[in-house]
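# Working through the structure, step by step
Okay, here's what each chain looks like letter by letter:
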Amino acid sequence: MSTLDGRVAGIVDAHAHFFNPRTPPWSLQRLGRASVPVLRALPAPLVRVAGRFTDEHSLSGLAGPGLLNKRYELREYGKDLAGLCTAAGVTVESVIPVDSQWRRRLSPDDAAAAVRRDIEQLASLPYGNGLPALGGLLVPADERVPGLGVRESLDRDELGLIRGVRLRWGRHPDPLVHDWSSESGALSSPNFLRTFPSLADRGLIFESLCYSHELGELAAFASEYPEVDIVVEHLGLPVGVFGPVGSSTGTTAAARADILSLWRERMSMLAARPNVSVKISGIASGLLGYGRERSGNIGGQHILADMIGPLVLHVTDRFGPERVLFGSNAPLDSHNATIGVTVGALVDVLSDRGDHLLSRLFAGNARRLYRIADHPPASGEAASESVDAGD
């Protein structure tokens, strides 16, 4: 079994989700403002039961059953990393936490306020002290909101923790696959086009979460803004490439072949844009079509490596070692694969490509893109002080 020991000093996890369904902003979006005191008073098992009434994400393949109904913050993440050291010989030194809100249910005004609360909450967690350091933050954009709902967070970022803007704009024709945006064409919406140039002037990364059939639109956008570093999340999300998802996606071998062919073509288009990088993340996501069993659907590291290998090799061959970076997508993929299994599968696929690729994928490229210092911020205390000072 290949490991990263002696090849990579430590991993930078460029994509992990931290959330607590009992606290704002996450509780506000799930059951409404009036639910906050109720949620805080409920025993943990009842919190999870209450969350099931508003959680369609396990049905869409976004997350395993019940994953979004219980807390997942640094302590839980640290426990999940215990198996990583055994599997890969190294652990995570820095993490980029991303927002875990599903803001389609919030009004535009509430969504803008939730963005600020989300960033404050993530910045205040106790990074370091035996847990990964904070490598930076991505502020979530909302295409419905003036200024995309990010300006206040950017203006209040006294410590310079925000590295980029993240837009989840994917919409899928399958009604049972989650839509991230309320309308199609978010990248060409008047509000987005009016606001984005000012964000680009700040030197921020633009992170895109969309589906593979939308990657052509992203390629055109990348050509319009060649000076902006763009990161494509989750390998461009070819939903259903391995099996049925939603109501009718990927249900036949011919349909899956079409999904793969279109994805390969669009990823090659993006690779021709030198300002575009790809997160090799979400590789165990149920959206890819691994199966619908409650107990997990992959069966181990070697099976995952066999399945994801052709996609990972296509991306690394097209983008090269300098434009790929790793993200665990914890905990959303944990239903199908632990972080250790995810990293181990990638090492199995890419080990013979050499140490340079592995070091760039698992650490070097993220350090460069997110401007992570050799000794990044170790705890959330300084971030909390900055947040408090701005109130």
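Below, the structure is looked at part by part. (Residues numbered from 1 in each chain as written. Predicted model: local features only at pLDDT ≥ 70, side-chain atom pairs only at ≥ 80, totals over all residues. Heavy atoms only, no water.)

### Describing the overall build of the protein
Which entries qualify depends on this criterion: Only DSSP runs of H or I with at least four residues qualify as helices, and only runs of E with at least two residues qualify as strands; both kinds are numbered from the N terminus onward. In what follows, a contact means two residues having at least one pair of non-hydrogen atoms within 4.5 Å. For the area figures, the Shrake-Rupley method with a 1.4 Å probe applies, and any residue is considered shielded solely by the protein chains shown.
Counting its regular elements, the protein contains 14 helices and nine strands. Contacts in the protein between residues far apart in sequence, at least 24 positions, make up 79% of those at least 6 positions apart. In the structure as shown, the protein presents an accessible area of about 15,000 Å², 53% of it carried by carbon and sulfur atoms.

### Description of helix 9 (residues 215-224)
The condition that has to hold: Each residue is assigned to one of three classes by its accessible area relative to the maximum for its type, calculated with a 1.4 Å probe on protein chains only: buried under 20%, partly exposed between the two thresholds, exposed over 50%. Directions from the helix axis toward the C-beta atoms define the arc.
Looking at helix 9, one finds that the buried residues are Leu215, Leu218, Ala219, Phe221 and Ala222. Take helix 9 and look down its axis: the buried residues cluster within an arc of 160°, on one side only. Looking at the packing, one finds that the buried side of helix 9 touches helix 8 (190-201), strand 6 (205-209), strand 7 (230-232), helix 10 (253-271) and strand 8 (276-280).

### Some points on the packing of helix 5 (residues 74-88) against helix 12 (residues 339-350)
Which entries qualify depends on this criterion: Note on geometry: axes are C-alpha line fits, over the in-contact stretch for helices, and angles between N-to-C directions span 0 to 180 degrees. Left-handed describes a crossing whose near helix is turned anticlockwise from the far helix by less than a right angle; the clockwise case is right-handed. Polar here means any residue outside two lists: the nonpolar Ala, Val, Leu, Ile, Met, Phe, Trp, Tyr, Cys and Pro, and the charged Asp, Glu, Lys and Arg; Gly therefore counts as polar.
Two elements in contact, helix 5 and helix 12, have axes separated by 7 Å at closest approach and are oriented at 35°. By crossing handedness, the relation of helix 5 to helix 12 is classed as right-handed. Touching Tyr77, Asp80, Leu81, Gly83, Leu84, Ala87 and Ala88 of helix 5 are Ile339, Gly340 and Val343, all from helix 12. Grouping the amino acids of the contact of helix 5 with helix 12 by side-chain chemistry returns seven nonpolar, two polar and one charged.

### What to know about the packing of aromatic side chains
Convention followed: Here is the rule: rings of Phe, Tyr and Trp (six-membered ring for Trp) pair when centre to centre is within 6.5 Å. Planes less than 30 degrees apart are stacked, more than 60 are edge-to-face, and the remainder are tilted.
Evaluated as defined, the whole model comprises 13 aromatic pairs. Ring centres 5.3 Å apart and planes at 65° place the aromatic pair Phe18 and Tyr77 in the edge-to-face group. Here Tyr77 lies in helix 5 and Phe18 lies in the loop between strand 1 (11-17) and helix 1 (26-31), a separation of 59 residues in the sequence. Looking at Phe18, the relative accessible area reads 0%, which means it is buried.

### Some remarks on the environment of His15
Position of His15 relative to the elements: it lies in strand 1. Residue classification places His15 among the buried positions, given a relative accessible area of 0%. On a C-alpha basis, the gap between His15 and Leu325 in space is 9.6 Å, while along the polypeptide they are 310 residues apart. If sequence neighbours within four positions are ignored, His15 has contacts with Ile96, Val98, Arg166, Glu233, His234, Lys279, Gly327, Ser328, Asn329 and Ala330.

### Some remarks on unusual backbone geometry
Here the residue pair Ala330 and Pro331 is connected by a cis peptide bond, since its omega of -5° sits within 30 degrees of zero. Locating Pro331 in the fold gives a position in the loop between strand 9 (324-326) and helix 12. Positive phi, normally seen in glycine, also occurs at Leu235, with a value near 60°. Take Leu235: it is sitting in the loop between strand 7 and helix 10.

### A word on the sheet that holds strand 1
Our working definition: In short, DSSP must find at least two bridges between two strands for them to pair.
One open sheet holds the three strands; their spatial order is 1-2-3, and the pairing between them is parallel. Every interior strand has two partners, whereas the edge strands, strand 1 and strand 3 (133-134), have only one. Note: strand 1 against strand 2 (residues 92-98), five bridges, orientation parallel. What sits directly across from Asp13, in strand 2, is Val95. Strand contacts of helix 13 (residues 355-369): strand 1 and strand 2, with the helix running at about 75° to strand 1, the strand carrying the most contacts.

From the geometry alone we can't say anything about function, so treat these as descriptive.
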